[in-house]
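# Examining the three-dimensional arrangement
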Amino acid sequence: MPEEIEIDTDKLREAIAEEVERESGNLLRTIALSTAVFAALAAITSLQAGSTANEALILKTEATALQAKASDAWAYYQAKGLKAAIAHNAQGAWTAVDKPPPANLAENEARYLKEQHEIDVQARELEHERDAKSAEADHLMHQHHRYAEAVALLQVGIALGAVAALTRKRPAWWASVALGLVGCALFAYAFVSAL
């Protein structure tokens, strides 16, 4: 009868435990590294999101101020039109009683009409500037949304990284990396489209 081979199970268990620990240690280091990279990118992306939102709000505020100036200009435009109409009607009243109208009435009417034209140009310029600032603000808010979406994906990737570290499950880490990479791509897209 052949001799029985004795296997030292204690040494085998130790070797298996060391191998599992070594494998887990490598996995944990990899998870920690990818999670740290995603956290750093999430912080940068969050700063960009806040910056674009702030810039958009400033532009919207400037557009609102320009709208107020344009509204004031249009009110002034109407006032000049009323003054021109009054001067014109006053001339008609003088003519109706067969008297020559004072010369300053015709001069005033012409001046008011000229000023009204100048105000028209100014008000339209203000409205054009308002529209440009508003459009730029809308574009920045669109970028802000892309950055915010990137931050959300990076944060979910970080959370899945924590789950992977706790459970030591590779599929959770793969999901973490996948979401983190999509978040990075979205950040890159938003950043490049800002240039």
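Residues numbered from 1 in each chain as written. Predicted model: local features only at pLDDT ≥ 70, side-chain atom pairs only at ≥ 80, totals over all residues. Heavy atoms only, no water.

What follows deals with the overall build of the protein. Looking only at helices and strands, the protein has 3 helices and 0 strands in total. Sequence-ordered secondary structure for the protein, helices as α and strands as β, is α-α-α. A buried classification covers 27% of the 195 residues belonging to the protein. Residue pairs at least 24 apart in sequence account for 82% of intrachain contacts in the protein once pairs closer than 6 positions are excluded. Of the roughly 12900 Å² of accessible surface on the protein, a fraction of 63% belongs to carbon and sulfur atoms. (Helix = DSSP H or I, 4+ residues; strand = E, 2+ residues; numbered from the N terminus. Buried < 20%, exposed > 50% of the residue type's maximum accessible area, 1.4 Å probe, protein only. Contact = heavy atoms within 4.5 Å. Areas by Shrake-Rupley, 256 points an atom, 1.4 Å probe, with all protein chains shown as cover.)

Averaged over every residue, the pLDDT of the protein is 88; the share at 70 or more is 88%. Averaged pLDDT values over the elements of the protein bottom out at 86 in helix α1 (residues 9-96) and peak at 94 in helix α2 (residues 103-167). (pLDDT = per-residue confidence, 0-100.)

Take the packing of aromatic side chains next. Scanning all chains against the criterion turns up 3 aromatic pairs. The interplanar angle of 80° and the centroid separation of 5.3 Å between the aromatic rings of tryptophan 74 and tyrosine 77 together place this pair among those described as edge-to-face. Of this pair, tryptophan 74 and tyrosine 77 both sit in helix α1, 3 residues apart, which is roughly one turn of the helix. Among the residues examined, tyrosine 77 registers a relative accessible area of 25% and is labelled partly exposed. Look at tyrosine 147 and phenylalanine 187: their rings are 5.9 Å apart centre to centre, the planes differ by 45°, and that puts the pair in the tilted class. Placement of the pair is tyrosine 147 in helix α2 and phenylalanine 187 in helix α3 (residues 170-194), with a sequence separation of 40 residues. In this pair, the class of tyrosine 147 matches that of phenylalanine 187, namely buried. (Phe/Tyr/Trp six-rings, centres within 6.5 Å; stacked < 30°, edge-to-face > 60°.)

Turning to unusual backbone geometry, a few remarks are in order. Unusually for a residue other than glycine, aspartate 98 sits at a positive phi of about 55°. Topologically, aspartate 98 is positioned in the loop between α1 and α2. For aspartate 98, a relative accessible area of 72% corresponds to the exposed category. In this model, arginine 168 sits at a positive phi of 55°, which is unusual for a non-glycine residue. One can find arginine 168 in the loop between α2 and α3.

Looking now at the side chain of serine 34. For serine 34, the location among the structural elements is in helix α1. Owing to a relative accessible area of 13%, serine 34 belongs among the buried residues under this scheme. At 3.0 Å, the side chain of serine 34 forms a polar contact with the side chain of tryptophan 173. Apart from residues no more than four positions distant in its own chain, serine 34 is found in contact with Trp173 and Val177. (Polar contact = N/O pair within 3.5 Å; in protein donor to acceptor, adjacent residues only side chain to side chain.)

Right, let's get into the environment of histidine 117. Its place among the elements puts histidine 117 in helix α2. Residues histidine 117 and lysine 80, 37 residues apart in the sequence, show an inter-C-alpha distance of 9.5 Å.

Moving on, we get to the environment of lysine 114. Within the secondary structure, lysine 114 is located in helix α2. Between the C-alpha atoms of lysine 114 and glycine 81, which are 33 residues apart in sequence, the distance is 9.9 Å.

The subject of this paragraph is the pattern of salt bridges. Tallied over the full model, the rule gives 8 salt bridges. Taking the shortest distance from any N to any O, the salt bridge between arginine 130 and aspartate 131 comes out at 2.7 Å. Among the charged side chains, a salt-bridge network with shared partners connects Lys80, Arg111 and Glu115. (Salt bridge = Lys/Arg side-chain N within 4 Å of Asp/Glu carboxyl O.)

Relative to each other, α2 and α3 sit at 160°, their axes nearing to 8 Å. With respect to α3, the element α2 is oriented roughly antiparallel. Seen from above, α2 lies across α3 with left-handed handedness. (Axes fitted to C-alpha atoms, helices over the stretch in contact; angles between N-to-C directions. Parallel < 35°, antiparallel > 145°, perpendicular 65-115°, else oblique. Left-handed = near helix turned anticlockwise from the far one by under 90°.)

What follows is about α3. Its 25 residues place the ends of α3 36 Å apart at the C-alpha level, agreeing with the 36 Å of an ideal helix rising 1.5 Å per residue. Residues of α3 that are buried: Ala172, Trp173, Ser176, Gly180, Gly183, Cys184, Leu186, Phe187 and Ala190. (Expected span 1.5 Å × (residues − 1).)

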